[in-house]
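In case you want the letters, here they are:
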Amino acid sequence: MELPDFMSYKDKFSKSEFVDKISKIAKRAGAKLVYVSLILYYMLQSKSVSVKDKAIILGALGYLISPLDAIPDAFPIVGLGDDLAVLLYVLKKVWTDVPEDVKVKARKKLDKWFDEDEISEIEDGTFQF
């Protein structure tokens, strides 16, 4: 699968639209997409993350919240597949720079929204690609 030009979406990101989108799609999207999204979102707020990393994170999160992407989110299951691919691509690029407190913060938020069995692929606050 070839990734879309998600960097063209970096100006589409806003905190309020991100929170609104995640709250609407959380259960349908699943714990994996939500966890990856939260890690990237909290990385934007971290002072230890480089400007370069923040730029690609903005592109990925902007792509997530944009209603106009490669596969519209209205299509069940596959509609969020392109969003997850973009988010995972960016997370993999920045994973070594994710501060531990960001992982903990994302996991705590995930625990509020999902049951333990729904987040079985995410173990002990870490994430496996």
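Below: a short report on this structure. All figures in this text were calculated on a predicted structure; none of them were measured in a lab.

1. Considerations on the overall build of the chain
Right, on to step 1. The helix and strand inventory of the chain stands at five helices and zero strands.
Right, on to step 2. When the helices and strands of the chain are read in sequence order from the N terminus, they spell out α-α-α-α-α.
Right, on to step 3. Among the 129 residues that make up the chain, the fraction classed as buried is 46%.
Right, on to step 4. Summing over all exposed atoms, the chain offers an accessible surface of approximately 7,200 Å²; the carbon and sulfur share of this is 55%.

2. Some words on the nonpolar core
Right, on to step 1. The biggest cluster of nonpolar side chains holds 41 residues, and the ones touching the most others in it are Phe-18, Ile-39, Leu-40, Met-43 and Leu-61.
Right, on to step 2. Taken together, the elements giving at least two residues each to this core come down to helix H1 (15–29), helix H2 (31–45), helix H3 (51–65), helix H4 (81–94) and helix H5 (100–113).
Right, on to step 3. Broken down by element, the residue count for this core peaks at 12 residues, all from H2.
Right, on to step 4. When sequence neighbours within four positions are dropped, the list of residues in contact with Leu-40 reads Ile-57, Leu-61, Leu-87, Val-90, Leu-91 and Val-94.

3. With respect to the pattern of salt bridges
Right, on to step 1. One pass over the full model with this rule turns up three salt bridges.
Right, on to step 2. Residue Asp-111 pairs with Arg-107 through a salt bridge whose shortest N-O separation is 2.9 Å. Taken together, the positions of Asp-111 and Arg-107, both in helix H5 and four residues apart, correspond to about one turn of that helix.
Right, on to step 3. Looking at Asp-111, the relative accessible area reads 38%, which means it is partly exposed.
Right, on to step 4. Among the residues examined, Arg-107 registers a relative accessible area of 11% and is labelled buried.
Right, on to step 5. The salt bridge partner of Glu-116 is Arg-107, with a shortest N-O separation of 3.3 Å.
Right, on to step 6. Within the structure, one salt-bridge network assembled from shared partners comprises Arg-107, Asp-111 and Glu-116.

4. Description of the packing of H2 against H3
Right, on to step 1. For the pair H2 and H3, the least separation of the axes is 10 Å and the interaxial angle reads 135°. Classified by the angle between their axes, H2 and H3 sit oblique to one another. You can see that H2 and H3 cross each other, and the crossing is left-handed. On H3, the residues touching Leu-33, Ser-37, Leu-40, Tyr-41, Met-43 and Leu-44 of H2 are Lys-54, Ile-57, Leu-58, Leu-61 and Leu-64.
Right, on to step 2. When grouped by side-chain class, the residues that make up the contact of H2 with H3 number nine nonpolar, one polar and one charged.

Each value, and the rule that gives it
Residues numbered from 1 in each chain as written. Predicted model: local features only at pLDDT ≥ 70, side-chain atom pairs only at ≥ 80, totals over all residues. Heavy atoms only, no water. Helix = DSSP H or I, 4+ residues; strand = E, 2+ residues; numbered from the N terminus. Buried < 20%, exposed > 50% of the residue type's maximum accessible area, 1.4 Å probe, protein only. Areas by Shrake-Rupley, 256 points an atom, 1.4 Å probe, with all protein chains shown as cover. Core = buried A, V, L, I, M, F, W, Y, C linked by side-chain atoms within 4.5 Å. Contact = heavy atoms within 4.5 Å. Salt bridge = Lys/Arg side-chain N within 4 Å of Asp/Glu carboxyl O. Axes fitted to C-alpha atoms, helices over the stretch in contact; angles between N-to-C directions. Parallel < 35°, antiparallel > 145°, perpendicular 65-115°, else oblique. Left-handed = near helix turned anticlockwise from the far one by under 90°. Nonpolar A, V, L, I, M, F, W, Y, C, P; charged D, E, K, R; others polar.

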